[in-house]
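# Structure assessment
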Amino acid sequence: MQILMPPGAAAVLALLERAGYAAYVVGGCVRDSLLGLPPQDWDICSAAPPEATAALLQARGIRVLAAGLRHGTITADLGAQGRYEITTFRVDGPYADHRRPSRVDFVTDVREDLARRDFTINAMAYRPGEGLVDPFGGAAALRVGEIACVGEPAARFQEDALRILRALRFAAVYGFALSPETAAALHAQAQLLRAVAAERVREELGKLLVGPSAAAVLLAYRDVLAVPLPETAAYPAADYETAVRAALAASEPAVRMALLLRPLGPAGAEVLARLRFDRRTVERAAELLQWRDAPLEASPASARRWLARLGTEGLARLLDAESVQARAAGDAARWARCQALRQAAAAQAGACTSLRDLAVRGGDLLALGIPPGRAVGEALSALLAEVVDGSLENERGALLARAAKWIGN
């Protein structure tokens, strides 16, 4: 078999080979190439010590980034041809924190390097002329759609607990099943996820949730998800399944996470903050959770109130979330109300629903004699509320007359 590499990766391999060092593309790029998918990254491993690799690259005028030098990794920056991580063949020392080895030792045999990797589908390397190096049956695992650890599964998860979530992510993304031994070890070792940083949990969870087979994975491994998201353990079974199916039907990350945490109500936003989601995602999810199950009347005045409260974009997001939730829960009546309110809001396009739409400004109220400061803001908000409710026209004269009555009283 032959793997078609990008010119930059081929050039780096050729440079190392000419210097007498065996070099391979390795890991995910080999896996995805065998699956007929475009690889996201092309990682390279080589027998060359990192200092020798750096010297070879620099002699050719290639910029070298050495941030991972301690673990034998440097990055070759080939400009328009991309960046390529090059790691010296290595074996890992003891793992003290269930995440990283205390040391790495460089070796000269690619098979020793592959033996330290997580899953058989990631423990393959390719070198032009030699072909595929697959000592653990990764290609066969791809053919049958199986995620299996390299070596003893429990030991692999003990070394690096993040592999637990990676296994589920690969199963969700590729539609693969975990081998019986890997699945059993994963359930048994799930508590190790407590050692994984919140940011890494967030990244893996985000990738898992967009996988085509995410629903099957989250339902089969609910106990595992409950370690980084312990709040979900209290969901009744039916609520958990509805939350999963609703979340996976959403496209925007904030909506997806809000739906997954919907049974928690506003407290769900605290979970996202704990997992270090960005502020915008947390704020959007908090808004959705705040208004879950809110009445969705479709009258013109109700549509204007919703637009004033959330804005056009925010209301569209809420209706998207509630529509997905209603469909997942089999609530046809609420789904219909969502669509009716969506139409009512569209019909109010151009209506006054924010202070910037109001036909008067703060200076107009000051000229009437309303004292500066908070009183002006409160008066503008009160005028807007009446306009939104439909009891006052958004017309300058009418607004000033209404404000003048307040002063007279």
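Remember, it's a predicted structure, so these values are computed and weren't measured experimentally. (Residues numbered from 1 in each chain as written. Predicted model: local features only at pLDDT ≥ 70, side-chain atom pairs only at ≥ 80, totals over all residues. Heavy atoms only, no water.)

So, about the overall build of the chain. Check the secondary structure of the chain and you find 20 helices and eleven strands. Computed over C-alpha atoms, the radius of gyration of the chain comes to 29 Å, more than 25% over the 22 Å expected from 2.2 N^0.38 for 409 residues, which places it beyond the range of a compact globule. By principal-axis analysis of the C-alpha atoms, the chain measures approximately 90 × 50 × 40 Å. Of the contacts made within the chain by residues no fewer than 6 positions apart, 62% connect residues no fewer than 24 positions apart. (Helix = DSSP H or I, 4+ residues; strand = E, 2+ residues; numbered from the N terminus. Rg over C-alpha atoms; globule rule 2.2 N^0.38 Å. Contact = heavy atoms within 4.5 Å.)

The subject of this paragraph is the nonpolar core. Among the nonpolar cores identified, the biggest contains 102 residues, and V25, L178 and L186 are the most heavily contacted of them. Aside from chain neighbours lying at most four places away, what touches L186 is F157, I164, A167, L168, L178, Y221 and V224. Grouped together as the second largest cluster of nonpolar side chains are 16 residues, L358, L384, V388 and A403 included. (Core = buried A, V, L, I, M, F, W, Y, C linked by side-chain atoms within 4.5 Å. Buried < 20%, exposed > 50% of the residue type's maximum accessible area, 1.4 Å probe, protein only.)

Time to look at empty space enclosed by the protein. Using the criterion set out here, one finds one cavity of 30 Å³ or more in the structure. Empty space within the largest cavity amounts to approximately 40 Å³. Contributing to the lining of the largest cavity are A258, L259, R262, L288, L289, R292, A321 and E322. For the lining of the largest cavity, the secondary structure elements donating two or more residues are α13 (253-260), α15 (279-290) and α16 (300-329). Residues that form the lining of the largest cavity fall into these classes: five nonpolar, no polar and three charged. (1 Å grid on protein atoms, 1.4 Å probe; cavity = no way out; pocket = protein on both sides within 12 Å on 5 of 7 lines; lining within 4 Å. Points joined across faces, edges and corners; volume = space filled by probe spheres on them. Nonpolar A, V, L, I, M, F, W, Y, C, P; charged D, E, K, R; others polar.)

With that settled, the discussion passes to the pairing of strand β5 (residues 83-88). Here strand β2 (residues 43-46) runs beside β5; their pairing, made up of three bridges, is parallel. Following the sheet pairing, C45 is matched in β5 by T87. With five bridges connecting them, strand β4 (residues 73-77) and β5 associate as antiparallel partners. Note on β5: the bridge partner recorded for T73 is T87. (Pairing = 2+ DSSP bridges.)

Another point: the layout of surface pockets. There is about 1700 Å³ of room inside the largest pocket. Contributing to the lining of the largest pocket are 48 residues, with D43, E85, R117, R166 and R200 lying nearest its centre. Of all elements in the fold, only α2 (28-34), β2, β4, β5, β6 (90-92), α7 (162-174) and α9 (198-209) reach the threshold of two or more residues within the lining of the largest pocket. Take the lining of the largest pocket: its biggest share by element is seven residues, from α7. For the lining of the largest pocket, the class distribution of residues is 17 nonpolar, nine polar and 22 charged. One number sums up the size of the second largest pocket: a volume of about 170 Å³. In this structure, the second largest pocket is lined by 13 residues; those nearest its centre are L307, T312, L315, A345 and A346. The biggest single contributor to the lining of the second largest pocket is α16, with five residues. Counted by class, the lining of the second largest pocket contains eight nonpolar, four polar and one charged residues.

As a further point, take the sheet that holds β2. Spatial ordering of the open sheet is given by β3-β4-β5-β2-β1-β8-β9, a layout of seven strands whose pairing is mixed. The outermost strands of the open sheet, each flanked by one partner alone, are β3 (63-65) and β9 (131-133). Averaged over all adjacent pairs, the angle separating strand axes in this sheet is 35°, with direction ignored. Against the sheet, helix α3 (residues 50-59) touches β3, β4 and β5, its axis set at about 10° to β4. (Axes fitted to C-alpha atoms, helices over the stretch in contact; angles between N-to-C directions.)

Let us look at helix α17 (residues 332-347). Across its 16 residues, α17 extends 23 Å between first and last C-alpha, which sits within 8% of the 22 Å expected from 1.5 Å per residue. For α17, the full list of buried residues reads R334, C338, Q339, L341, A344 and A345. Residues of α17 that are buried sit in contact with α16. (Expected span 1.5 Å × (residues − 1).)

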